[in-house]
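Okay, here's what each chain looks like letter by letter:
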Amino acid sequence: MTPTKVSDEIFPITTFISELPTSFVPQSLPSSSENGPVSRRLVIVGDVHGMRKSLEALLDKVGFEKRNGDHLILAGDLVSKGPDSPGVVDLAMKLGATAVRGNHDNAVINAAAEIRATKDSLLQSGGLTGSPALPETPEADVLGNTVQDPEVPDKDASATTGASRKHSAATYTTASALSTRQLDWLAALPLILRIKLPPNLTSSFGDTLIVVHAGLVPGIPLEAQDPHAIMHMRSLVRTSGEESEFKPAETFGEEGWAMEWDRWQDKLASKTTVIFGHDAKRRLQLGRYTIGLDSACLYGHRLSALVITGCDGEIKHQVIQVECADEPVVGGVKHGEDLAVSEWEAILADLQEADLSPSRVLYVIQPVIDQAETEMFLDEEMKVQRCRLVGTYHSVHGDFSVLGAWRIGMSNKRITNMANGRARKLGSMVLNKD
């Protein structure tokens, strides 16, 4: 993989590998019950990303009952981007869920630590004492010298903190919205969850289930897996000169890492199945010894759960899905300055693939060209405002497409060429102020 970027630094890990208690593992029970669904089920859910309504709808469809022995497992990226990250964490904690850390969870707890350190530094230096600019709301900017629009990152290094923004505005907003108790819960999540299946039950999963957020590299022991790769990888790159050795990669590649994992497991006597998320582009993935559960709920598609039961001497499983019940993030516009470096890299990598399909996200990169500012009369309510004219052009999948419209608006506001709700029908649009 590429060297770890600042925005991808790994927050200190308290537990690398966690073992699921046997009390949560399904046992062999009769195939029917007068009281409804078979008890003690494992319900493993893909990337939720703050979509609490969707998670509640999925658990309702599954018929989840903690008191009957059901246990919820979340495959990382519980938070960020969606409308209710605190609600998702709160629900997970209330249900006694188990989870693994995802790359967005990691970024949020890093951002929270950065905000906390900045506040402590300012307090120690007296920079916050009696300051009229002291933020009174979680969304306010605490990383610069003045309070500004929380959606606009601070591009310049702060004279007070000596550091510039490391994460996207959405990440800082999520970090500020979570309570200390919720952040501590996220920070304590392991990177790998291992589930030993009962040896007396037959299972297509093999002997062991592993839950991670992004993936694993075949041929490397769990204890030696790279933490960054576990949360970020999507594909594999063959090591030069070594036919059977691979390096993890964040790019999508010609095929996902799961394909090689399946081939590797076919050669082993003792099988291990990996349950993962992260790869929304490929949606639900059903391999022989891999199941990918990120079905792009965040982008208006589905939220998926793998439901595992013990029944009649064997481990059985099924995938249950619900349509997105929250407002998807693709409706509208993403501003380039709000995206973390890793998000830009993922978008640019995706742009290299020119194929289009109904399920493919279409990115419109719209650089903004600022023009001179002037005083203009807008209307009776707004009166005279400082305004600027903006010229735009579009490139689709990396190639210049067409000149965009000229827009005019207040200088202290963002001006976008395609900001209405119908934007989602055209795909995801990213503005890059160049």
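Every chain's residues receive numbers from 1 upward, in the order its sequence appears when written. The predicted origin of the model limits local features to residues at a pLDDT of at least 70 and limits the giving and counting of side-chain atom pairs to 80 or more, whereas totals for whole chains, interfaces and linings rest on all residues. Excluded from the side-chain calculations are hydrogens and water; all other atoms, namely the structure's heavy atoms, are used.

Would you mind going over the packing of aromatic side chains with me for this structure?
Aromatic ring pairs are defined here through the distance separating the ring centres and the angle between the ring planes. Pairing of aromatic rings covers Phe, Tyr and Trp, the last through its six-membered ring, and needs centres within 6.5 Å; plane angles under 30 degrees mean stacked, over 60 mean edge-to-face, and all others mean tilted. Per the counting criterion, the structure on display carries three aromatic pairs. Taken together, a centroid distance of 5.1 Å and an interplanar angle of 75 degrees make the contact between Trp-261 and Trp-264 edge-to-face. In this pair, Trp-261 and Trp-264 both sit in helix α7 (residues 257-266), three residues apart, roughly one turn of the helix. Each residue is assigned to one of three classes by its accessible area relative to the maximum for its type, calculated with a 1.4 Å probe on protein chains only: buried under 20%, partly exposed between the two thresholds, exposed over 50%. Trp-264 sits in the partly exposed class, given a relative accessible area of 25%. Each helix is a run of H or I in the DSSP string that is no shorter than four residues. Each strand is a run of E no shorter than two, and both are numbered from the N terminus.

What is the right way to read the pairing of strand β3 (residues 71-74) from this model?
Side-chain direction in a regular strand flips from residue to residue, so the side chains alternate between the two faces of the sheet. The alternating pattern of β3 places His-71 and Ile-73 and Leu-72 and Leu-74 on opposite faces, both of which are buried. Note that strand β2 (residues 42-45) and β3 share four bridges and pair parallel. Bridged to Val-45 within β3 is Leu-74. For the handedness criterion, the strands are oriented away from the viewer, and a crossover whose path from the first strand over the helix to the second runs clockwise is classed as right-handed. Each parallel crossover has a hand, and the one from β2 via helix α1 (residues 52-62) to β3 is right-handed. As judged from the two bridges shared by β3 and strand β4 (residues 98-99), these two strands associate in the parallel manner. Its bridge partner being in β4, Leu-74 is matched across the sheet by Ala-99. Handedness of the crossover joining β3 and β4 through helix α2 (residues 85-94) is recorded here as right-handed. Criterion used throughout: strands pair if DSSP finds at least two bridges between them.

Hey, could you run me through the nonpolar core in this one?
In summary, soluble globular proteins display a tendency toward joint burial of nonpolar side chains. Core analysis: the biggest nonpolar cluster contains 43 residues, and Val-43, Val-45, Leu-55, Leu-72, Leu-74 and Trp-185 have the highest contact counts within it. Once residues lying within four places of it in the same chain are set aside, the contact partners of Trp-185 are Leu-78, Val-89, Ala-92, Met-93, Ala-97 and Ala-99. The nonpolar core is taken to be a set of buried Ala, Val, Leu, Ile, Met, Phe, Trp, Tyr and Cys residues, with the residues joined through side-chain atoms within 4.5 Å. Residue contacts are counted whenever heavy atoms from the two residues lie within 4.5 Å of one another.

Got a minute to help me understand the environment of Gly-206 in this structure?
Following the sequence through the fold, Gly-206 ends up in the loop between β5 (192-196) and β6 (208-211). The sequence separation of Gly-206 and Tyr-289 amounts to 83 residues, and the corresponding C-alpha distance is 8.1 Å. What Gly-206 contacts, discounting residues up to four positions off in sequence, is Leu-197 and Lys-271.

Sorry, what's going on with the sheet that holds β5 here?
The strands making up a sheet are joined through hydrogen bonds of the backbone, oriented either antiparallel or parallel. On the basis of which strands lie adjacent, the open sheet formed by six strands has the order β1-β5-β6-β9-β11-β10 and mixed pairing. What marks the edges here is a single partner per strand, and that holds for β1 (17-19) and β10 (285-286).

Explain the pairing of strand β12 (residues 302-311) here, please?
Extensive coverage of β12 is indicated by the burial of nine of its ten residues. Where β2 meets β12, four bridges bridge the pair, whose relative direction is antiparallel. Paired with Val-43 across the bridge in β12 is Val-307. Pairing analysis gives ten bridges linking β12 to strand β13 (residues 314-323), with the strands arranged antiparallel. When the bridges of β13 are listed, Ala-305 appears paired with Ile-320. Taking the residues between adjacent antiparallel strands as the criterion, β12 and β13 are bridged by two residues, where Asp-312 takes a positive phi near 50 degrees.

Which parts of the structure should I look at to understand the sheet that holds β12?
Read across the sheet, five strands follow the order β4-β3-β2-β12-β13 without closing on themselves; strand pairing throughout is mixed. For this open sheet the edge positions go to β4 and β13, each flanked by a neighbour on one side alone. A fitted line through C-alpha atoms serves as each axis, taken over the contacting stretch for helices, and the angle formed by two N-to-C directions is quoted from 0 to 180°. Seen against the sheet, α1 touches β2, β3, β12 and β13 and runs at an angle of roughly 135 degrees to β13.

Hey, could you run me through α7 in this one?
Residues spaced three or four apart along an α-helix face the same direction, because each turn holds 3.6 residues. Within α7, the full set of buried residues consists of Trp-257, Ala-258, Glu-260, Trp-261, Asp-262 and Gln-265. Buried residues in α7 make contact with β7 (235-238), β8 (246-249), β9 (272-276), β10 and β11 (290-292).

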